[in-house]
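Inside the fold
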Amino acid sequence: MSASRPAVSRRSFLLVPLLGPALAACVPSEAMVSPFTGPADASAFGKEPQLLVATTRKPTGDRPPYFGSDRGSGLTFAEARLAAPGRGVAAQVSSVVSGDWAVLGVQRRNSGDAARVFAEAANGRDVLLYVHGYNETFESAARSAGQLSHALAFDGRTALFTWPSGGGLLAYAYDRESALWSRDGFVQTLKALVANPIAGRVHIVAHSMGTFLALEGLRELRDLPGFTDRIGSVVFASPDVDIDAFEQTVSKLGPIARRMTVIIDPGDRALAVSSRIAGGVARAGAADRERLEGLGVRVADTAGRGWSMLRHDLFLSDSEVTQVVRRAIDRAGG
């Protein structure tokens, strides 16, 4: 049975001064421009702008937004067709708003085993699996996945796991619960990808609250035979995860932890607000570098870099930080 978002309480409005400008940064800026300056067809995604989508969102039909903020009845597989900025009428209209990739259409693939069909669509190629964070619509998440793949010049299939974020500033609690609720869907998706014998390695890039979901999936599947060999790089950008929980989980991941890169910034204002909501517990994305390195992960400290006032989306908006992701994939043999 699907679930709908709860009504916003009066108390929620009292959180607006706290949540407003800082947590708004979890969704990439509408004015964001891809740090990759080459032409769209210079990347694999630019040549074939088809995005594989696995989602626990409830479908809304054959017209935008295609998938909404409510929870679906199970996992859905779809393929989204994107266009580069300025390509075609629809893309030109979208570019005026976002300055970035546009979603031109979505085709749902009806199947009793969405995860298997999703995995088979990546046959013979490495996969870049992007997991978005808080306050994201389906369209904004799809645009970010396309932008990231293009900026990385990733040579493989680009995929998005999108969970039912409320897509609003007052939906932080709903988003946390929806990410938790989506664990089974993410595990099904990741398990099917690594079980496909003719697909390549899976490179995971998770942002903000999406890192919680990715961590849960990795922990659940870590003992699956052959699982570790099929995982390439794992990049957590500004992880909005309790540092104690992060440390506890990563310490159990063994070899996967050594392929992990954590992008942090002690000055991340969105994570500072998240920490206050969590009772003062630090988030992994703003934790001490030494503590994280003690887990065997690589740490990229972006303090002082980039132009973003809130410093929560530098992996998409700053070319030097984007290259941290590129190097992580290269080290994993992607």
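Above this text you will find the structure in question.
Residue numbering note: each chain is counted from 1, following its sequence as written. Residue-level local features of this predicted model are given only where pLDDT is at least 70; pairs of side-chain atoms are given and counted only at 80 or more, and the full residue set underlies all totals for whole chains, interfaces and linings. The side-chain quantities take in all heavy atoms of the structure and omit both hydrogens and water.

1. Overview of the overall build of the protein chain
As a reminder of what qualifies: Helix numbering and strand numbering both begin at the N terminus, where a helix is a DSSP run of H or I of at least 4 residues and a strand a DSSP run of E of at least 2. Only protein chains enter the area calculation, which uses a 1.4 Å probe; residues under 20% of their type maximum are buried, those over 50% are exposed, and those in between are partly exposed. Whether two residues touch is decided by their heavy atoms; if any such pair falls within 4.5 Å, the residues are in contact.
Broken down by element type, the protein chain carries 15 helices and 9 strands. Per-residue burial for the protein chain yields a buried fraction of 57% across its 334 residues. Taking as baseline every contact in the protein chain between residues at least 6 positions apart, the subset at least 24 positions apart corresponds to 78%.

2. Some points on the nonpolar core
Threshold: In plain words, nonpolar cores are sets of buried Ala, Val, Leu, Ile, Met, Phe, Trp, Tyr and Cys residues tied together by side-chain atoms within 4.5 Å.
Counting residues in each nonpolar core, the largest one holds 54 residues, and the members touching the most others are Leu190, Phe246 and Leu292. For Phe246, the contacting residues outside a window of four places in its chain are Leu215, Phe236, Val241, Met260, Val262, Ala284, Leu292 and Leu295. Grouped together as the second largest cluster of nonpolar side chains are 36 residues, Phe45, Phe138, Leu152 and Val321 included.

3. Description of the pairing of strand β5 (residues 157-162)
On any regular strand, side chains alternate: one points to one face of the sheet, the next to the other face. So the rule is basically this: Any two strands with at least two DSSP bridges between them are considered paired. Orienting the strands away from the viewer, one traces the path from the first strand over the helix to the second; a clockwise path indicates a right-handed crossover.
By the criterion of burial, β5 is predominantly enclosed, with 6 of the 6 residues buried. Along β5, one buried face is formed by Arg157, Ala159 and Phe161 and the opposite face, lined by Thr158, Leu160 and Thr162, is buried too. Relative to β5, strand β1 (residues 50-59) runs parallel, the two being bridged by 4 bridges. Paired with Leu52 across the strands is Ala159, a residue of β5. Pairing of strand β4 (residues 127-131) with β5 involves 5 bridges; the strand directions are parallel. Bridge assignment links Tyr130 to a residue of β5, and that residue is Leu160. Regarding topology, helix α6 (residues 138-152) serves as the crossover connection from β4 to the parallel β5, and that connection is right-handed.

4. Regarding the environment of Arg259
Using the following cut-off: Any pair of nitrogen or oxygen atoms within 3.5 Å is treated as a polar contact; in protein, a donor-acceptor pairing is required on top of that, and neighbouring residues in sequence qualify only through side-chain atoms on both sides.
Relative to the helices and strands, Arg259 is located in the loop between α11 (243-250) and β8 (260-264). Taking the C-alpha atoms as reference, Arg259 lies 9.9 Å from His203; in sequence the two are 56 residues apart. Contact partners of Arg259, with chain neighbours within four places excluded, come to Thr228, Asp229, Ile231, Gly232, Ser233 and Val234. Only 2.5 Å separates the side chain of Arg259 from the backbone oxygen of Ile231, close enough to count as a polar contact.

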